[in-house]
Amino acid sequence: MLNFDYYNPTHIVFGKGRIAQLDTLLSKDARVLVLYGGSSAQKTGTLDEVRKALGDRTYFEFGGIEPNPSYETLMKAVEQVKQEKVDFLLAVGGGSVIDGTKFVAAAVPYEGEPWEILETDGKKIKEALPVGTVLTLPATGSEMNRNSVVTRKSIKSKRGFHNDHVFPVFSILDPTKVYTLPPRQLANGVVDSFIHITEQYLTYPVDGMVQDEFAEGLLRTLIKIGPELLKDQKNYDLAANFMWTATLALNGLIGAGVPQDWATHMIGHELTAAFGIDHGRTLAIILPSLLQNQREAKKGKLLQYAKNVWHIDQGSDDERIDAAIEKTRHFFESLGIPTHLKDYDVGEESIDMLVKELEAHGMSQLGEHKAITPEVSRSILLASL
């Protein structure tokens, strides 16, 4: 096992009806900005629950944060925070709203051009406003981590940052919020959570037995409940297990002391920036091809994955690896998610542009061994057609 530090200060408030706890989680004199996405939070009644729980506190609202939060929109929120002298940010939504809120929290006190936060991976952040979340869409794990991803539409760039200052102070996880999600979003969330786990698990063995057992258990849970939840979306137990699995997938626990990959995410980000393909779907496109391409470097963990996650223990090493990758692709497709670029009208003529964007964004040495060069990324993208 590799050396590691593990720190996570987020207070999780989990269960049905817990939004009312906002009254005890926030100080009475807080000046709050409630940030959310489109109309779903309003239509489902979640915003009304939040307003009721805030009571007579001074609060303001900022809506319209996109599924891939844009820098341009978020900078408008930054201006509102400054104008209204807000001192607490409350994100009501899924990972995009939470990621966007984290950026706002860091950008408000930032001295300089806030895009530098993304360009420097958050290293220049010295402070941030406190953030709380009310999770409505399990997927990204942003409710319990220090990560954020933001898109700058004007230059078609999707970048991420990490910093301890943007850990949520608290996150309210009410599984009943899963009931009203569109099936497409729910399926995307299952895939996103699944690949968060594989990015930390399908690398190379370092005898991280605890991390591996956690990761394999979470993967098996998603394989079991993902299709069931799409058929029975108002099943509280399925929804609760999915919500907690998605949080555990990226709260730092299974990634502590083990090598991590993240190449699937970096390549996927370019697909979203260029073509607007849902984040979860870009991951489902790239992962199977990346695993095939990196099968020798990942051989030990792929065989472990085949045996412990998919229960494949017959055949040669190559046959077992092939079967595990094929089962992975089939799992994504069983959720209604196409796994080839052609399914999204992206052809071979776009590959050069995507590779150039990866290079322009400094993504020339990806993967756990830093061996996924632009040419390797090109091969992965071509295999994804």
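All of the points below concern the structure found in this document.

Thresholds, definitions, all that
Residues numbered from 1 in each chain as written. Predicted model: local features only at pLDDT ≥ 70, side-chain atom pairs only at ≥ 80, totals over all residues. Heavy atoms only, no water. Helix = DSSP H or I, 4+ residues; strand = E, 2+ residues; numbered from the N terminus. Buried < 20%, exposed > 50% of the residue type's maximum accessible area, 1.4 Å probe, protein only. Areas by Shrake-Rupley, 256 points an atom, 1.4 Å probe, with all protein chains shown as cover. Lys, Arg positive; Asp, Glu negative; His and termini not counted. Charge placed at Lys NZ, Arg CZ, Asp CG, Glu CD. Axes fitted to C-alpha atoms, helices over the stretch in contact; angles between N-to-C directions. Parallel < 35°, antiparallel > 145°, perpendicular 65-115°, else oblique. Contact = heavy atoms within 4.5 Å. Nonpolar A, V, L, I, M, F, W, Y, C, P; charged D, E, K, R; others polar. Salt bridge = Lys/Arg side-chain N within 4 Å of Asp/Glu carboxyl O. Expected span 1.5 Å × (residues − 1). Core = buried A, V, L, I, M, F, W, Y, C linked by side-chain atoms within 4.5 Å. Pairing = 2+ DSSP bridges.

1. What about the overall build of the protein?
Within the protein, the secondary structure is distributed over 15 helices and 8 strands. Principal axes of the C-alpha set define a box for the protein whose edges measure 65 × 45 × 45 Å. Among the 385 residues that make up the protein, the fraction classed as buried is 57%. As displayed, the protein offers around 15,800 Å² of accessible surface, 50% of which is attributable to carbon and sulfur atoms. Across the protein, the centroid of the 40 positively charged side chains sits 3 Å from that of the 51 negatively charged ones.

2. A look at the packing of helix 7 (residues 183-201) against helix 10 (residues 263-275)
Contact geometry of helix 7 with helix 10 gives a least axis separation of 9 Å together with a crossing angle of 135°. One finds that helix 7 runs oblique with respect to helix 10. Between helix 7, through Asp192, Ile195, His196 and Glu199, and helix 10, the contact on the second element is made entirely by Ala263, Thr264 and His265. Taken together, the residues that form the contact of helix 7 with helix 10 break down as 2 nonpolar, 3 polar and 2 charged.

3. Points about the pattern of salt bridges
For the structure shown, the criterion picks out 20 salt bridges. A salt bridge links aspartate 23 to arginine 57; its shortest N-O distance comes to 3.1 Å. Separated by 34 residues along the polypeptide, aspartate 23 in helix 1 (residues 22-25) and arginine 57 in the loop between helix 3 (46-54) and strand 3 (58-62) bring together distant segments of the chain. Across the salt bridge formed by glutamate 228 and lysine 224, the nearest N and O atoms sit 3.6 Å from each other.

4. Observations regarding helix 13 (residues 317-334)
Its 18 residues place the ends of helix 13 26 Å apart at the C-alpha level, agreeing with the 26 Å of an ideal helix rising 1.5 Å per residue. Of all the positions in helix 13, only Arg320, Ile321, Ala324, Ile325, Thr328, Arg329, Phe331 and Phe332 are classed as buried. Residues of helix 13 that are buried in the fold lie against helix 7, helix 8 (209-231), helix 11 (279-293) and helix 12 (299-308). Positive backbone phi, at 85°, marks glycine 336, one or two positions downstream of helix 13.

5. Brief notes about helix 4 (residues 71-84)
Taking 1.5 Å as the rise per residue, helix 4 with 14 residues should run 20 Å; its terminal C-alpha atoms sit 20 Å apart, in good agreement. Listed in full, the buried residues belonging to helix 4 are Tyr71, Thr73, Leu74, Met75, Ala77, Val78, Gln80 and Val81. Buried residues along helix 4 sit in contact with strand 2 (31-36), strand 3, strand 4 (88-94), helix 5 (95-107), helix 6 (115-119) and strand 6 (147-152). Once helix 4 ends, the next one or two residues include lysine 85, with phi positive near 55°.

6. So, the nonpolar core
Counting residues in hydrophobic clusters, the biggest one holds 99 residues, and the most contacted among them are Leu89, Phe103, Val104, Ile117, Phe194, Tyr305 and Trp310. Among the elements that line this core, the one with the most residues is helix 7, at 8 residues. Excluding anything up to four places from it in sequence, valine 104 contacts Leu35, Leu74, Ala77, Val78, Val81 and Leu89. Within the second largest apolar cluster, 19 residues are counted, among which are Ile19, Tyr36, Ala41 and Leu47.

7. Quick notes on the pairing of strand 8 (residues 170-173)
Burial of strand 8 is two-sided: the residues Phe170 and Ile172 facing one way and the residues Ser171 and Leu173 facing the other way are all buried. Inspection of the sheet shows strand 1 (residues 11-14) paired to strand 8 by 4 bridges, in the parallel sense. If you follow histidine 11 over to strand 8, its bridge partner there is phenylalanine 170.

8. Things to note about unusual backbone geometry
Even without glycine at this site, lysine 85 takes up a positive phi of about 55°. Relative to the helices and strands, lysine 85 resides in the loop between helix 4 and strand 4. The phi angle at aspartate 121 is positive, at roughly 55°, despite the residue not being glycine. Along the chain, aspartate 121 falls in the loop between helix 6 and strand 5 (131-137).

9. A word on the pairing of strand 2
Consecutive side chains of a regular strand alternate in pointing toward one face of the sheet and then the other. The buried count for strand 2 comes to 5 of 6 residues, which makes it a mostly enclosed element. In the sheet, strand 2 pairs with strand 3 via 5 bridges, with the strands oriented parallel. Within strand 3, the residue paired with leucine 35 across the bridge is phenylalanine 62. Sheet topology places strand 2 next to strand 4; 5 bridges connect them, and they run parallel. Pairing of tyrosine 36 across the sheet is with valine 92, part of strand 4.

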